[in-house]
Structure formats: structure tokens, C-alpha cells
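One-letter residues, chain by chain:
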Amino acid sequence: MKKLYKILGLAIIDFGLIWLWVYQMDPDPSVSIGIIVLVPLVLIVNLIIAGILFYAKRKENSKIFLVNSVIASFIMFYLFQEGIDRHQNNRLESWEFQQADSTFSLTRWKKTDKFSMSYSLNSGSSWGFLDGTCKNENGKLILQADSLKMIIDEKDNLIGFRHSSDTIEMKKIKR
């Protein structure tokens, strides 16, 4: 039972340290390949500590770090993916909707107050066709491009897509 508490305590410490590291790193999707390096790095660091403790005649603590090497690797994998999602959520928000045989995607860039819209006829390909500015007024997003004005209301409905009276229910993409 004492070993279990030590493993749990070490896992909590790992979670805190790895979370701080990933938070400070703020990984974007372009560095997601880094998981191939970071997970083994966490594993190897814990195995080195286990080896040092083993040779220092602290075999019980060595076994705890062996178990922790696997736990910390899973924690690293999970928190790195969550860090990428947090990065994306801080920079953009997206919606999708279907019209006839097309899937439309609308993306609002939070930092620049811009939006872009694309459509896809089949998965794996898409074409951008509309770019413009975005303003937040009273909880509604006002999208403007040339002479076109659309509104996204509180319920994620797109108003004014093709005709000023059109209301399209969109699905917000969660990361």
C-alpha cells in the first residue's frame, strides 16, 4: 500500500511538472511530431533515475520509478495533445454545415478578427472561397466580406449566407 501512495504521489508531481512544461511550450500542430521525441525522453529520464537508485541500493524506490516511467509517458502524451488543442482554441474557432452535396467550413481567427470560408465536395479536398472581417457585437459575430454581411448568433446559427433571411444551423468543431 505504501508503494501505491508513492507511485500516486510521483504521478501527481509528474503531472504538474509536465503540465507546466507543455503550458510554457504552447505547442502548435506543426510540432506534433515532437511527441515522438518527448514521450521517449520522459521514459528514459525515469529509467535513468530508476537505474541510479538501483545502484545506490534503493531497490524499492527503483521499482517505483520503473512503474512511473510508463505512467509519466502516458501523462506526457495526453498533456502534449491537450496543449495543442489549447493552442488552437486560443487562436481560432470553427464551424461546419452541409448544403446539398457540399460541406462548408467557417473559421474565425481570434487574434486578427478575420474569417475564412471553404467548401468541400468530398473528404480530403477543400476550396477557400470567402475571406473577410469579423466583429463581436452583443454576443453575435458579424461577418463581413465585400457587400456580403452574415451573422453567427448565440446558438451557432449562420444568418444571411446566401440570402439575407437564410438561417443555417452550424456545428461547432470542438478540439
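To be clear, the structure that these remarks concern was listed above.
Keep in mind that this is a model prediction, so the values were computed, not measured. (Residues numbered from 1 in each chain as written. Predicted model: local features only at pLDDT ≥ 70, side-chain atom pairs only at ≥ 80, totals over all residues. Heavy atoms only, no water.)

### Looking at the nonpolar core
As a reminder of what qualifies: We call a set of buried Ala, Val, Leu, Ile, Met, Phe, Trp, Tyr and Cys residues a nonpolar core when their side-chain atoms join them within 4.5 Å. The buried label applies to any residue whose accessible area, calculated with a 1.4 Å probe on protein chains only, is under 20% of its type's maximum; exposed applies above 50%, and partly exposed to all values in between. Contacts are residue-level and defined by heavy atoms, with any inter-residue pair within 4.5 Å sufficient.
Counting residues in hydrophobic clusters, the biggest one holds 17 residues, and the most contacted among them are Phe97, Met117, Leu143, Met150, Ile152, Leu158 and Phe161. Apart from the residues lying within four places of it in its own chain, the contact partners of Phe97 are Ser102, Thr103, Phe104, Met117, Leu158, Phe161, Ile168, Glu169 and Met170. Val22, Val39, Met76 and Leu79 belong to the second-largest nonpolar core, a separate cluster that totals 13 residues.

### What to know about helix H2 (residues 35-55)
An α-helix turns once every 3.6 residues. As a result, residues three or four positions apart point the same way. We count it as follows: Here a helix means four or more residues in a row that DSSP labels H or I, a strand means two or more in a row labelled E, and each is numbered from the N terminus. Expected helix span is taken as 1.5 Å per residue step, with the number of steps being one fewer than the number of residues. Here the arc refers to the set of directions running from the helix axis out to each C-beta atom.
Here H2 is 21 residues long and its end C-alpha atoms lie 30 Å apart, about the 30 Å a rise of 1.5 Å per residue gives. All of the buried residues along H2 are Ile35, Leu38, Val39, Val42, Asn46, Ala50 and Leu53. In an axial view of H2, the angular spread of the buried residues amounts to 110°, which keeps them on one side of the axis. Turned more than 90 degrees off the buried face of H2, the exposed positions are Ile36, Val37, Ile52 and Tyr55.

### Quick look at the pairing of strand E3 (residues 114-120)
Worth spelling out the cut-off: Note: two strands are recorded as paired if DSSP finds a minimum of 2 bridges between them.
The pairing of strand E2 (residues 102-109) with E3 spans seven bridges and is antiparallel. Among the inter-strand pairings, Ser105 is bridged to a residue of E3, identified as Ser118. Here E2 folds back onto E3 in antiparallel fashion, the turn holding four residues, of which Asp113 has a positive phi close to 55°. As judged from the six bridges shared by E3 and strand E4 (residues 127-137), these two strands associate in the antiparallel manner. Pairing of Ser116 across the sheet is with Asp131, part of E4. Turn length for the E3-E4 hairpin, with the two strands adjacent in sequence and antiparallel, is six residues, and the turn residue Gly124 shows positive phi of about 100°.

### Examining unusual backbone geometry
Its identity is not glycine, yet Asp26 carries a phi of approximately 45°, on the positive side. Mapped onto the fold, Asp26 is located in the loop between helix H1 (2-25) and H2. A relative accessible area of 22% places Asp26 in the partly exposed class. A positive phi angle, close to 65°, is found at Lys57, a residue other than glycine. Within the secondary structure, Lys57 sits in the loop between H2 and helix H3 (59-91). Judged by relative accessible area, which is 70%, Lys57 ranks as exposed.

### Structural notes on the environment of Trp21
By the element assignment, Trp21 lies in helix H1. Dropping the residues within four chain positions of it, Trp21 is found in contact with Leu38, Leu41 and Met76.

### Topic: the pairing of E2
Two faces belong to every sheet, and in a regular strand the side chains alternate between them. Strand direction decides the pairing type here: strand E1 (residues 92-99) and E2, joined by eight bridges, are antiparallel. In the strand pairing of E2, Glu96 is matched with Ser105. The hairpin turn running from E1 into E2, its antiparallel successor, is two residues long, and Ala100 in that turn takes a positive phi close to 55°.

### Description of the packing of aromatic side chains
Put simply, the rule is: Between the rings of Phe, Tyr and Trp (Trp by its six-membered ring), a pair exists once the centres lie within 6.5 Å; its type follows the angle of the planes, with under 30 degrees stacked, over 60 edge-to-face, and the other angles tilted.
The tally for this structure, following the rule as stated, stands at nine aromatic pairs. Judged by centre distance (5.6 Å) and plane angle (80°), the ring pair of Phe54 and Tyr55 falls under edge-to-face. On the basis of an interplanar angle of 70° and a centroid distance of 5.2 Å, the ring pair of Phe104 and Phe161 is categorised as edge-to-face. Of the two residues, Phe104 is situated in strand E2 and Phe161 in the loop between strand E7 (157-159) and strand E8 (167-169); the sequence distance between them amounts to 57 residues. Judged by relative accessible area, Phe104 falls into the buried class, the value being 5%.

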